[in-house]
Amino acid sequence: MNAVESKKAQHFIDIEDAHGAHNYHPLPVVLERGEGVYVWDVDGKRYYDFLSAYSAVNQGHCHPAIVGAMDQQARTLTLTSRAFHNNKLGEFEKYITEYFKFDKVLPMNTGAEAVETAIKIARKWAYEKKGVEEKDAQIIVVDNNFHGRTTTIISFSNDENARKNFGPYTPGFIKIPYNDMPALEKALQQDNIAGFMVEPIQGEAGVFVPADDYMRNARDLCKKHNALFIADEIQTGIARTGALLAVCGQCDCQGHCERQEATYARPDILILGKALSGGAYPVSAVLADNHVMDVINPGQHGSTFGGNPVAAAVGVAALQVIKDENLAQNARELGNYFRAKINEYIETTDTVVLVRGRGLLNAIVINDSEEGDTAWNICLRLRDHGLLAKPTHGNIIRFAPPLVMNKEQLDECIAIIIKTLKEFE
Ligand SMILES: *Cc1c(COP(=O)(O)O)cnc(C)c1O
């Protein structure tokens, strides 16, 4: 299934296969260059990137402003550790907290580390602020969640592949169905609940979009029961879904409408990663207000690379690009257009069951079983036609191009997608 026609590409696939752990099953294509919405393989063939490294590359590949900031900082000072101050971290912290309107930020590197950070903060808050008995705090999570790959995080996954034979598992998590308000209300009855951690749209699960009022109602219930509302926006955040944050819904405020309680499900803890660096560097962050973040004191959490000067410079540049280029609005408009066009096609065919998503985070469901291989085969043909996407399940393909795409490019992509799907009718 991994064979490619190009000898050159096969060489790189073979050495990965021989020397790398087999913890991924990549689509057989070997990339060597990227720019904006495009990537090129080792034979010089150009593709539209419709995965954007799982939404890390929202600002487009090798964005000059981001790469420029990284290059300049890398030549000046790369790492001090947090044993000393540096002249970049504070600037980043000020910038990102004003940008998302939270009191404080705790910078980390990968998404999973930021999730772990949120879990630690929530537990400590439960003991020190809510008065939960020590070692008893529970965090409510949902079925089919994806929050990363650490031992603790996979402990509350229900993907057997991600969990099996990795036990013993970390306790302290209660799982309820997604998009199920009565289940949340019931779980929140316990007096040992630290918080509710949730993705506003479930990306890895296949771009599941919950009810419009799910996030707001969840936030209200958490508030009522004195539990933290924790939003994992690592994939949905930073303009991907047509707003700065997906908890912002479909309004135009770009996450800046926290006074409009009706539309913004403001989290108590906001988790960001991926596009926080535009794909240039691992940068993640946890944001919260003082009454939550204050539970963390010196020596209680950290990371050698967390908040390093390069990450700080890259983080500021990556967020600036989102605003300068109006990427939330572009994602919203192009997303509406994309779903309308795919829906027109769906009217004419039985191959595709539906398209769903928000902004430029979308997925199509293929008329096949979850264990089927049609989605994989479609992705191979899409590759042949110059567009790279990846199934999230046997019958679901996610479409998430960089947000710097324009309408002409999207039209060309829609034509490629429909042409390819027609080959499977
Ligand atoms: C990708 C992702 C993570 C994990 O991020 P890593 O950088 O891969 O550790 C966590 N939560 C969500 C929603 C994600 O999409």
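Nothing here was measured: the structure is a model prediction, and the numbers come from that model.

1. A look at the site of the ligand
Surveying the vicinity of the ligand reveals the residues Thr110, Gly111, Ala112, Phe146, His147, Gly148, Glu199, Asp232, Ile234, Gln235 and Lys274. Here an oxygen atom of the ligand sits 2.8 Å away from a polar atom, N or O, in the main chain of Gly111. Gln235 is positioned with one of its side-chain polar atoms (N or O) 2.8 Å from an oxygen atom of the ligand. Protein contacts shield 81% of the accessible area of the ligand, which totals 380 Å² for the unbound molecule. A per-class count over the shell around the ligand returns 3 nonpolar, 5 polar and 3 charged.

2. Overview of the packing of aromatic side chains
Each aromatic ring pair is characterised by the separation of its centres together with the angle its planes make. For the structure on display, the rule yields 9 aromatic pairs. Centre to centre, the rings of Phe50 and Phe338 are 6.5 Å apart; their planes meet at 45°, and the pair counts as tilted. Note that Phe50 is positioned in the loop between strand E3 (46-49) and helix H2 (52-55) and Phe338 in helix H12 (residues 327-346), a separation of 288 residues in sequence. In this structure Phe50 comes out as buried when scored by relative accessible area, which is 1%. Assessed through its relative accessible area of 2%, Phe338 is described here as buried. Where Tyr178 meets Tyr214, the ring centres are 5.3 Å apart and the plane angle is 80°; that geometry is what we call edge-to-face. With Tyr178 in the loop between strand E6 (173-176) and helix H8 (181-187) and Tyr214 in helix H9 (residues 214-224), this residue pair connects regions lying 36 residues apart in the sequence.

3. Some details on the sheet that holds strand E14 (residues 390-393)
The strand order across the open sheet built from 4 strands is E11-E12-E15-E14, with neighbouring strands paired in antiparallel fashion. Strand pairing shows two members of the sheet lacking a second neighbour, strand E11 (352-358) and E14, which therefore form its edges. Strand-to-strand, the axes of this sheet are offset by a mean angle of 30°, without reference to chain direction. Taken together, the 6 bridges between E11 and strand E12 (residues 361-366) define a ladder with antiparallel strand orientation. Directly across from Leu354, in E12, lies its bridge partner Val365. Packing of helix H13 (residues 374-384) onto the sheet brings it into contact with E12, E14 and strand E15 (396-399), and relative to E14 it is tilted by some 165°.

4. Observations regarding the domain arrangement of the protein
Per the domain assignment, the segments making up the protein are domain 1 (3-59 + 327-422) and domain 2 (64-324). Relative placement of domain 1 and domain 2: their C-alpha centres are 27 Å apart. In this complex, domain 1 contributes 29 residues to the contact, which on the side of domain 2 involves 33 residues. Between domain 1 and domain 2 lies a buried interface of about 2400 Å² when both sides are counted; carbon and sulfur atoms form 53% of it. For the pair domain 1 and domain 2, the interface holds 1 salt bridge. A salt bridge links Glu204 to Arg398; the nearest nitrogen and oxygen atoms lie 2.8 Å apart. When residues of the side of domain 1 that touches domain 2 are traced back to their parent elements, those giving at least two are H2, H12, E11, E12, E14 and E15. Tallied by class, residues from the side of domain 1 that touches domain 2 come to 15 nonpolar, 10 polar and 4 charged.

5. Some thoughts on the nonpolar core
Ranked by internal contacts, the top residues of the largest apolar core, which has 96 residues, are Phe50, Phe100, Phe196, Leu387 and Phe399. Considering every element that reaches this core, the biggest residue donor is helix H11 (residues 309-324), with 9 residues. Viewed by domain, this core spans two of them, domain 1 (3-59 + 327-422) and domain 2 (64-324), each represented by three or more residues. In this structure, Phe399 is in contact with Phe50, Phe338, Leu360, Leu361, Asn362, Ala363, Ile364, Leu382, Leu387, Ala389 and Ile417, ignoring residues within four places of it in sequence. By size, the runner-up hydrophobic cluster in this structure holds 31 residues, among which are Leu106, Ala114, Ile119 and Val286.

6. Here we look at the packing of helix H4 (residues 89-100) against H11
Contact geometry of H4 with H11 gives a least axis separation of 8 Å together with a crossing angle of 30°. The pairing of H4 with H11 is recorded here as roughly parallel in orientation. H4 and H11 meet at a crossing whose hand is left-handed. Seen from H4, the contacting residues are Leu89, Glu91, Phe92, Tyr95, Ile96, Tyr99 and Phe100; seen from H11, they are Ala312, Gly315, Val316, Leu319, Gln320, Ile322 and Lys323. Here the residues of the contact of H4 with H11 are counted per class, giving 10 nonpolar, 2 polar and 2 charged.

7. Overview of the environment of Ala312
Relative to the assigned elements, Ala312 resides in helix H11. Counting along the chain gives 158 residues from Ala312 to Ile154, while the straight-line C-alpha distance between them is 29 Å.

8. A short note on H13
Buried within H13 are the following residues: Ala375, Trp376, Ile378, Cys379, Leu380, Leu382 and Arg383. Lining the buried residues of H13 we find E3, E12, strand E13 (387-388), E14, E15 and helix H14 (407-422).

9. Focus on the layout of surface pockets
Approximately 390 Å³ is the volume attributed to the second largest pocket. Lining the second largest pocket are 18 residues, and of these Arg82, Leu106, Ile296, Asn297 and His301 lie nearest its centre. Top element by residues in the lining of the second largest pocket is strand E4 (residues 104-108). It accounts for 5 residues. A per-class count over the lining of the second largest pocket returns 7 nonpolar, 7 polar and 4 charged.

Rules behind the numbers
- Residue numbers restart at each chain and count upward from 1, following the sequence in its written direction.
- Only residues with pLDDT of 70 or above have their local features reported here, since the model is predicted, and side-chain atom pairs are shown and tallied only from 80 upward, although totals for entire chains, interfaces and linings are computed over all residues.
- As a rule here, side-chain values cover all heavy atoms of the structure and leave hydrogens and water aside.
- The rule for a residue being near a molecule or strand is that one of its heavy atoms must lie within 4 Å of it.
- Definition of a polar contact: a pair of N or O atoms within 3.5 Å, with one able to donate and the other able to accept a hydrogen when the atoms are protein atoms, and with sequence-neighbouring residues admitted only if both atoms are side-chain atoms.
- Surface accessibility follows the Shrake-Rupley procedure with a 1.4 Å probe radius. Residue values consider only the protein chains on display as shielding.
- All amino acids are sorted into three groups, where Ala, Val, Leu, Ile, Met, Phe, Trp, Tyr, Cys and Pro are nonpolar, Asp, Glu, Lys and Arg are charged, and the leftover types, Gly among them, are polar.
- Here is the rule: rings of Phe, Tyr and Trp (six-membered ring for Trp) pair when centre to centre is within 6.5 Å. Planes less than 30 degrees apart are stacked, more than 60 are edge-to-face, and the remainder are tilted.
- Counting from the N terminus, the helices are the DSSP runs of H or I reaching at least four residues and the strands are the DSSP runs of E reaching at least two.
- Under the scheme applied here, a residue whose accessible area is under 20% of the maximum for its type counts as buried, over 50% as exposed, and between as partly exposed, the area being computed with a 1.4 Å probe on protein chains only.
- When DSSP finds at least two bridges between two strands, those strands are taken to pair.
- Only the stretch in contact is used when fitting a helix axis, every axis being a line fitted to C-alpha atoms; angles between N-to-C directions are given from 0 to 180 degrees.
- Contact definition: two residues touch when any of their heavy atoms are within 4.5 Å.
- Note: domain ranges come from an automatic or database domain assignment.
- Here the quantity called buried area is the total loss of accessible area, with a 1.4 Å probe, experienced by two parts when brought into contact, counted for both.
- We define a salt bridge as a contact between a side-chain nitrogen of Lys or Arg and a carboxyl oxygen of Asp or Glu at a distance within 4 Å.
- Residues belong to a common nonpolar core when they are buried Ala, Val, Leu, Ile, Met, Phe, Trp, Tyr or Cys residues joined through side-chain atoms within 4.5 Å.
- When an angle is under 35 degrees it counts as roughly parallel; over 145 it counts as roughly antiparallel; between 65 and 115 it counts as roughly perpendicular; any other value is oblique.
- Crossing handedness follows the turn of the near helix against the far one: under a right angle anticlockwise gives a left-handed crossing, and clockwise gives a right-handed one.
- A cavity here means a set of 1 Å grid points, computed over protein atoms only, where a 1.4 Å probe fits but cannot escape. A pocket is an open set with protein on both sides within 12 Å along at least 5 of 7 lines, and lining residues have an atom within 4 Å of a point.
- Grid points are joined across faces, edges and corners, and a volume is the space filled by probe spheres set on the points.

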